[in-house]
Amino acid sequence: MQIRFIAIAALLSAVAPGTTALADDALPSALEKVSKDQIAAFNREDAAATLGFAYTKSPAYDTAKAELPALFEEANAKAEQVGFQYVGHDDEFAVARVKVKVTA
């Protein structure tokens, strides 16, 4: 069985009211929290919440949307974050490499 996990492409949240970007030192922990929240939604078998973290224009989005409910019905798949590396950011995107182990 092949399992696809959609990665988070960007973080679009604010630290405090009135701010539009996270402080540089807050980005790694914020990105890791987003990753862990998506994994938690996956482990709850909540397809809508899991896809809520995905970039809707990703080429894999429609496939994941179609396959995720069947995956939850057919397999007792569980995901676990086993690696996280903050890469960096520019004015628009913050990027991290996340290694996720999925077992069924």
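This one's a predicted model, so the numbers in the text were calculated from it and none came from an experiment. (Residues numbered from 1 in each chain as written. Predicted model: local features only at pLDDT ≥ 70, side-chain atom pairs only at ≥ 80, totals over all residues. Heavy atoms only, no water.)

> Before we go on, may I ask you to explain the overall build of the chain in this structure?
What the chain contains, in helices and strands, is 3 helices and 2 strands. Element order for the chain, N to C, with α for helix and β for strand: α-α-α-β-β. Burial statistics for the chain: of 104 residues in total, 26% are counted as buried. In the chain, once contacts between residues fewer than 6 apart in sequence are set aside, the share between residues at least 24 apart is 56%. (Helix = DSSP H or I, 4+ residues; strand = E, 2+ residues; numbered from the N terminus. Buried < 20%, exposed > 50% of the residue type's maximum accessible area, 1.4 Å probe, protein only. Contact = heavy atoms within 4.5 Å.)

> What is the right way to read the side chain of Gln38 from this model?
Locating Gln38 in the fold gives a position in helix H1 (residues 27–43). For Gln38, a relative accessible area of 2% translates into the label buried.

> Explain the confidence of the model for the chain to me, please; I cannot follow it from the model alone.
Caution applies to low-pLDDT regions: their predicted coordinates should not be interpreted in detail. Summarising the model, the chain shows a mean pLDDT of 81, and 79% of its residues fall at 70 or more. When the criterion is pLDDT under 50, residues 1–20 qualifies, and its contacts beyond four places in sequence or with other chains add up to 38 contacts. (pLDDT = per-residue confidence, 0-100.)

> Looking at this structure, how should I read unusual backbone geometry?
For residues that are not glycine, phi is negative in most cases, and the peptide bond is trans in most cases. Despite not being glycine, Glu45 has its phi angle at roughly 60°, a positive value. Turning to its location among the elements, Glu45 is positioned in the loop between H1 and helix H2 (47–51). The partly exposed category is assigned to Glu45, whose relative accessible area is 33%.

> Looking at this structure, I do not really get the pattern of salt bridges. What am I missing?
When their charged atoms lie close together, side chains carrying opposite charge are able to pair. Counting across every chain of the model gives 2 salt bridges. Across the pair Lys36 and Glu32 runs a salt bridge whose closest N-O atoms are separated by 3.7 Å. A residue pair is termed a helical-turn pair when its members lie 3 or 4 positions apart in one helix, as Lys36 and Glu32 do in helix H1 at 4 residues. The partner of Asp37 in a salt bridge is Lys33, and the shortest N-O contact between them spans 2.7 Å. Highlighted residues: Asp37 and Lys33, both in helix H1, separated by 4 residues, approximately one helical turn. (Salt bridge = Lys/Arg side-chain N within 4 Å of Asp/Glu carboxyl O.)

> How do you make sense of the environment of Glu73 when you look at a structure like this?
Along the chain, Glu73 falls in helix H3 (residues 61–74). Put simply, Glu73 and Glu45 are 28 residues apart on the chain and 8.8 Å apart in space, counted from C-alpha to C-alpha.

> Help me understand H1, please; the structure alone is not making it clear to me.
Since there are 3.6 residues in each turn of an α-helix, residues three or four apart along the chain are aligned in direction. Between its first and last C-alpha atoms H1 spans 24 Å; for 17 residues at 1.5 Å apiece the expected length is 24 Å, and the two agree. If you check which residues of H1 are buried, you get Leu27, Ala30, Leu31, Val34, Ser35, Gln38, Ile39, Ala41 and Phe42. On its buried face, H1 sits against H2, H3, strand S1 (78–89) and strand S2 (94–103). Trailing H1 by a residue or two, Glu45 shows a phi angle of about 60°, which is positive. (Expected span 1.5 Å × (residues − 1).)

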